[in-house]
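# Structural characterization, general
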Amino acid sequence: MSAQDRIFIKNFTLLIAGLMVFTVVIILAGIQLNKLSSRPDNPDKVAALEARIAPVGQVYAGDTGRDALAAAQAAAATAPAAAFDGSLDAEMIYNSVCSACHTSGVAGSPKMVKADWETRIAQGMEVMVQHAIEGYTGSAGVMPARGGKMDLTDEQVEVTVQWMVDNLQ
Ligand code: HEC
């Protein structure tokens, strides 16, 4: 081996060694930088997490909460307020609500016979309807307001009282 070859091999070995050291240095620097940078979480993982905690994690708070609350309130406001969807079918209302007492005459309630209603009818329709809407306690017993079905409208109670008076035996 000539002297020149020996010099070449020495320099070339140094160059390779230097490049290997440089490779290790940039690998370590890369690992270090990777630790420092904060990357956003995987959106799929975030969505899956939110879905998983949704039933207990949902609260009316912040901006989305305000929207959800407004939506819930709007839904409640548009929900049918009147019983039986506001139906004025007096016979149906009587059978659903009032007949429990007035058919059998339970607890002193006037039955659907004329004899039980003569003095009541004498008071006038207005008083009877008012008693049926507001409820009242007479000498016979307790008539609960709206027959105990508080979502009946005034009009529904009125047509039902009229139907009762018209259908006495
Ligand atoms: C829990 C039993 C009960 C139910 C249900 C009930 N009532 Fe009565 N109602 C009574 C009783 C008891 C009286 C008599 C009270 C008294 O005069 O002492 C009465 C009396 C009345 C009177 C006579 C009022 C007056 O001025 O004399 C009307 C009208 C009447 N009810 C309508 C209704 C209508 C309409 C319904 C259904 C929406 C209804 N009631 C449901 C128990 C009931």
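Given the structure is predicted, the values throughout are model-derived calculations rather than measurements.

About the thresholds
- Residues numbered from 1 in each chain as written.
- Predicted model: local features only at pLDDT ≥ 70, side-chain atom pairs only at ≥ 80, totals over all residues.
- Heavy atoms only, no water.
- Helix = DSSP H or I, 4+ residues; strand = E, 2+ residues; numbered from the N terminus.
- Expected span 1.5 Å × (residues − 1).
- Buried < 20%, exposed > 50% of the residue type's maximum accessible area, 1.4 Å probe, protein only.
- Arc of directions from axis to C-beta.
- Domains from an automatic or database assignment.
- Near = heavy atom within 4 Å.
- Polar contact = N/O pair within 3.5 Å; in protein donor to acceptor, adjacent residues only side chain to side chain.
- Nonpolar A, V, L, I, M, F, W, Y, C, P; charged D, E, K, R; others polar.
- Donors = N, O, S within 2.8 Å, 3.2 Å for Na, K, Ca; no water.
- Tetrahedral: all angles 85-135°; square planar, octahedral: opposite > 155°, others 65-115°.

Next up on the list: helix α7 (residues 154-166). Over its 13 residues, α7 runs 18 Å from end to end, which matches the ideal 18 Å to within 8%, given 1.5 Å per residue. Gln156, Val157, Thr160, Val161 and Met164 are the residues of α7 that are buried. Relative to the axis of α7, the buried residues are bounded by an arc of 130° and lie together on one face.

Domain annotation of the protein chain identifies domain 1 (1-39), domain 2 (43-78) and domain 3 (83-166). For domain 1 versus domain 3, the distance between C-alpha centres works out to 99 Å.

Moving on to the site of the ligand. The environment of the ligand is formed by 28 residues, the closest being Cys98, Cys101, His102, His131 and Met143. The contact in question runs from an oxygen atom of the ligand to an N or O atom on the side chain of His131, over 2.5 Å. Within the contact set of the ligand, an oxygen atom lies 2.9 Å away from a backbone nitrogen or oxygen of Ala140. Those elements that place two or more of their residues in the shell around the ligand are α4 (90-102), α5 (114-122), α6 (125-134), β2 (142-143) and α7. Ranked by residue count, the leading element in the shell around the ligand is α4, at 4 residues. Each residue belonging to the shell around the ligand can be placed in one class, and the counts come to 16 nonpolar, 10 polar and 2 charged.

Below, the discussion takes up unusual backbone geometry. The phi dihedral of Ala107 falls on the positive side, at around 55°, and the residue is not glycine. Structurally, Ala107 can be placed in the loop between α4 and α5. A positive phi angle is found at Arg146, which is not glycine, with a value near 50°.

Around the iron atom of the ligand, the protein contributes the donor atoms His102 (NE2) and Met143 (SD), which lie 2.0 Å from the metal centre. With 6 donor atoms in place around the iron atom of the ligand and angles of 86 to 179° between them, the coordination shape is octahedral. With a gap of 41 residues between them, His102 in helix α4 and Met143 in strand β2 connect regions that are remote in the sequence. Looking at His102, the relative accessible area reads 9%, which means it is buried. Of the residues examined, Met143 reaches a relative accessible area of 22% and is grouped as partly exposed.

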